[in-house]
Amino acid sequence: MLTDGNAFPAPGRRVWAVGALCRAVADALEARFNPVTVRGEITGFSRAASGHCYFSLKDAQGQVRCAMFRRSASLLEFLPRDGELVEVSGRLGVYEQRGDLQLVVESMRRAGQGALFEQFLRLKAKLEAEGLFDAARKRELPLLPRGIGIATSLGAAALHDVVTCLRRRAPHVPVVLVPAAVQGAQAPGELAAALESLYRAAERGTIDVILLVRGGGSMEDLWAFNDERLARTIVRSPVPLVSGVGHETDFTIADFCADVRAPTPTAAAELAAQPREAWLGALRLLHERLREAALRRLDRAAQRLDQAAAHLGRPSARTAQQHLRIERQAQRLRFALTARLQRSEDELRSLREALRSGIAERLARATRDCERIALRLQLLDPRLVLQRGYALLTDPASGQPLTSVRAMHPGRDVRAALADGEVDLRVATRGVNPS
């Protein structure tokens with residue numbers, strides 16, 4: 001049986017208010033450690049609009065959250081990046097609003113490149129020496145792709161951004177999506193397999209360009225795109241490949257191997273698909289030019305007839321016959337040019353109607369696909385299960401789920417996740433397993 005783990009303190013024992021406890025811990029840290037200098041590797045670095053910088057320092061044994069306010073950040077002599085090894089000086093304290101341990105950094109200097117960044121540089125130098133980054137092997141993107149392939153995660157925000165951009169700019173171009181994990185140990189293999197599947201589609205003539213995309217994150221989050229096997233898969237692409245990984249300041253090995261590097265996933269979609277309105281405008285311009293050229297040719301032919309008639313004066317019977325023959329030829333030419341112009345107008349009108357109908361059909365199909373994906377993702381939400389009265393029991397220390405009554409010895413602390421929050425419990429007695 002489970003019971004609430006909170007108990008009344010023994011008489012005479014002090015009861016702390018939460019804020020008072022946080023301040024007491026902060027005072028103890030101030031007296032014991034500050035000022036403090038810490039050496040570690042940067043991860044999760046971000047700069048807010050206010051100018052303040054937020055990141056974490058980590059090593060193999062631990063991690064601490066850090067904040068560097070605008071005044072101190074303005075004195076930096078370099079731009080910190082994820083994976084860099086640095087030494088920082090500051091004051092250790094408690095951020096009382098969340099009860100988090102926080103290091104307020106006052107100064108920072110480089111202490112090395114960091115393990116991940118050094119590994120990145122070694123692989124980059126190796127592949128560059130083999131010629132995988134050579135500009136001579138990079139290809140131009142097609143102006144009018146027959147189809148666009150995308151390799152990314154179904155749950156990634158980058159997929160929504162790319163699909164929205166393509167729907168706006170080129171809804172008539174079909175899209176082939178092959179999902180793959182974009183983060184974690186299995187991600188490089190899944191991304192390489194997704195690209196191989198798109199390569200087969202390209203060889204069948206289904207697609208003319210491939211987008212490899214993922215949203216921003218720390219160096220650890222983007223590490224799957226620094227894999228050697230994935231890099232060698234990218235350079236074997238039979239069609240131009242665009243890498244749109246992370247934000248504008250993020251660089252991965254995939255960016256160097258791709259034919260084109262885009263600063264963001266949305267920018268990758270914009271590079272791959274020219275706006276439909278631009279092509280329709282070009283068709284309208286060509287139509288007007290053809291019409292004006294035909295009219296000018298007719299005007300020149302009529303002018304030549306007038307000049308011939310004035311030069312001949314009153315024509316003889318033979319001259320009249322030649323004049324009549326020339327006039328008939330001019331009339332046939334006028335009819336032919338008019339018919340050709342009408343056929344061009346009909347063809348342009350048919351092309352516009354075909355584009356409109358094809359765009360509407362593909363847009364409806366893409367909308368239905370997105371709605372099905374959204375419904376599938378919604379059905380996978382674990383909160384739906386919790387709302388039915390179930391609870392998820394975990395070990396508060398390790399976060400591991402507890403699934404057996406044998407692990408529920410009396411006095412053990414247990415954390416229960418319900419539909420609207422979490423509650424800490426303590427095991428009072430252990431029942432008998434009905435099996």
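Because the structure is a prediction, the values reported are computed rather than measured. (Residues numbered from 1 in each chain as written. Predicted model: local features only at pLDDT ≥ 70, side-chain atom pairs only at ≥ 80, totals over all residues. Heavy atoms only, no water.)

Student: Outline the overall build of the protein, supporting the account with residue identities and numerical values.
Tutor: When helices and strands are tallied, the protein shows 11 helices and 14 strands. Along the three orthogonal principal directions, the C-alpha set of the protein runs to about 135 × 60 × 40 Å. Within the protein, the fraction of its 435 residues that count as buried is 35%. Carbon and sulfur atoms form 54% of the exposed surface of the protein, whose accessible area is close to 26500 Å². Computed over 63 positive and 50 negative side-chain charges, the inter-centroid distance for the protein is 8 Å. (Helix = DSSP H or I, 4+ residues; strand = E, 2+ residues; numbered from the N terminus. Buried < 20%, exposed > 50% of the residue type's maximum accessible area, 1.4 Å probe, protein only. Areas by Shrake-Rupley, 256 points an atom, 1.4 Å probe, with all protein chains shown as cover. Lys, Arg positive; Asp, Glu negative; His and termini not counted. Charge placed at Lys NZ, Arg CZ, Asp CG, Glu CD.)

Student: Before we move on, could you go through the sheet that holds strand β8 (residues 175–179) and cite the residues and values that matter?
Tutor: Reading across the sheet, the 5 strands line up as β8-β7-β9-β10-β11 and stay open at both edges, with parallel pairing between neighbours. Among the strands making up the open sheet, the edge pair consists of β8 and β11 (260–261). As judged from the 4 bridges shared by strand β7 (residues 148–152) and strand β9 (residues 209–214), these two strands associate in the parallel manner. Its bridge partner being in β9, I150 is matched across the sheet by L211. In the packing of helix α8 (residues 265–272) onto the sheet, contacts are made with β7, β9, β10 (241–245) and β11, and the angle to β9 comes to roughly 170°. (Pairing = 2+ DSSP bridges. Contact = heavy atoms within 4.5 Å. Axes fitted to C-alpha atoms, helices over the stretch in contact; angles between N-to-C directions.)

Student: Can you explain the pairing of strand β2 (residues 36–47)? Please cite residues and give values.
Tutor: In this sheet, strand β5 (residues 85–95) lies alongside β2 in antiparallel orientation, the contact comprising 6 bridges. The residue bridging V38 from the neighbouring strand is V88, located in β5.

Student: Outline the pattern of salt bridges, listing residues and values.
Tutor: A full pass over the atoms with the stated rule returns 15 salt bridges. Residues R232 and E130 are paired through a salt bridge, measuring 2.9 Å at the closest nitrogen-oxygen approach. Taken together, the positions of R232 in helix α6 (residues 228–235) and E130 in the loop between α3 (115–129) and β7 put the pair 102 residues apart, joining distant regions of the chain. Note that R146 and D208 form a salt bridge whose closest N and O atoms lie 2.8 Å from each other. Of the two residues, R146 is situated in the loop between α3 and β7 and D208 in the loop between α5 (187–203) and β9; the sequence distance between them amounts to 62 residues. Judged by its relative accessible area of 13%, D208 is buried. (Salt bridge = Lys/Arg side-chain N within 4 Å of Asp/Glu carboxyl O.)

Student: So what's going on with helix α4 (residues 157–169)? Residues and values would help.
Tutor: Every α-helical turn comprises 3.6 residues, leaving residues that sit three or four positions apart pointing alike. With 13 residues, α4 ought to run about 18 Å at 1.5 Å a step, and its terminal C-alpha atoms sit 19 Å apart, in line with that. All of the buried residues in α4 are A158, L159, V162, C165, L166 and R169. Buried residues of α4, viewed axially, fall in a sector of 135°; they line one side. Away from its buried face, by an angle of more than 90 degrees, α4 presents the exposed residues A157, H160 and R168. (Expected span 1.5 Å × (residues − 1). Arc of directions from axis to C-beta.)

Student: So what's going on with the nonpolar core? Residues and values would help.
Tutor: Ranked by internal contacts, the top residues of the largest apolar core, which has 38 residues, are L191, L195, I210, L212, F225, I234 and L241. Top contributing element to this core by residue count: α5, with 9 residues. The contacts of F225, once residues within four sequence positions are left out, are V182, L191, L212, R214, L230, V245, T252, I253 and A254. Counting 22 residues, the second largest nonpolar core, distinct from the first, contains A26, C53, C66 and L103. (Core = buried A, V, L, I, M, F, W, Y, C linked by side-chain atoms within 4.5 Å.)

Student: Talk me through the packing of aromatic side chains; I want residue IDs and the actual numbers.
Tutor: Throughout the structure, instances matching the rule amount to 3 aromatic pairs. Taking 5.4 Å as the distance between ring centres and 35° as the angle between the ring planes, the aromatic pair formed by F133 and F256 counts as tilted. With a gap of 123 residues between them, F133 in the loop between α3 and β7 and F256 in helix α7 (residues 253–257) connect regions that are remote in the sequence. Given a relative accessible area of 13%, F133 falls into the buried group. Residue F256 is classed as partly exposed on the basis of its relative accessible area, which comes to 23%. Following the ring pairs from residue to residue traces out a cluster consisting of F133, F251 and F256. Looking at K124, its charged tip hangs above the ring of F256, at a distance of 4.9 Å from the centre. (Phe/Tyr/Trp six-rings, centres within 6.5 Å; stacked < 30°, edge-to-face > 60°. Lys NZ or Arg CZ within 6 Å of the ring centre and 35° of its normal.)

Student: For the environment of D346, give the residues involved together with the corresponding values.
Tutor: Residue position: D346 is located in helix α10 (residues 317–379). For the pair formed by D346 and D255, sequence separation is 91 residues and the distance between their alpha carbons is 46 Å.

Student: Pulling in residues and values, what's your account of the packing of α4 against α8?
Tutor: The geometry of α4 relative to α8 is characterised by a closest axis approach of 8 Å and an angle of 30° between their N-to-C directions. When the axes of α4 and α8 are compared, the pair comes out roughly parallel. By crossing handedness, the relation of α4 to α8 is classed as right-handed. For the pair formed by α4 and α8, the contact residues are A158, D161, V162, C165, L166, R168 and R169 on the first element and P265, T266, A269 and E270 on the second. Of the residues assigned to the contact of α4 with α8, the class counts are 6 nonpolar, 1 polar and 4 charged. (Parallel < 35°, antiparallel > 145°, perpendicular 65-115°, else oblique. Left-handed = near helix turned anticlockwise from the far one by under 90°. Nonpolar A, V, L, I, M, F, W, Y, C, P; charged D, E, K, R; others polar.)

Student: So, the side chain of D395: which residues are in play, and what are the values?
Tutor: Topologically, D395 is positioned in the loop between β12 (392–394) and β13 (413–418). The class for D395 is buried, based on a relative accessible area of 18%. Every residue in contact with D395, bar those within four places of it in the chain, is listed here: Q400, L402 and R412.

By themselves, these figures tell us nothing about what the structure is for.
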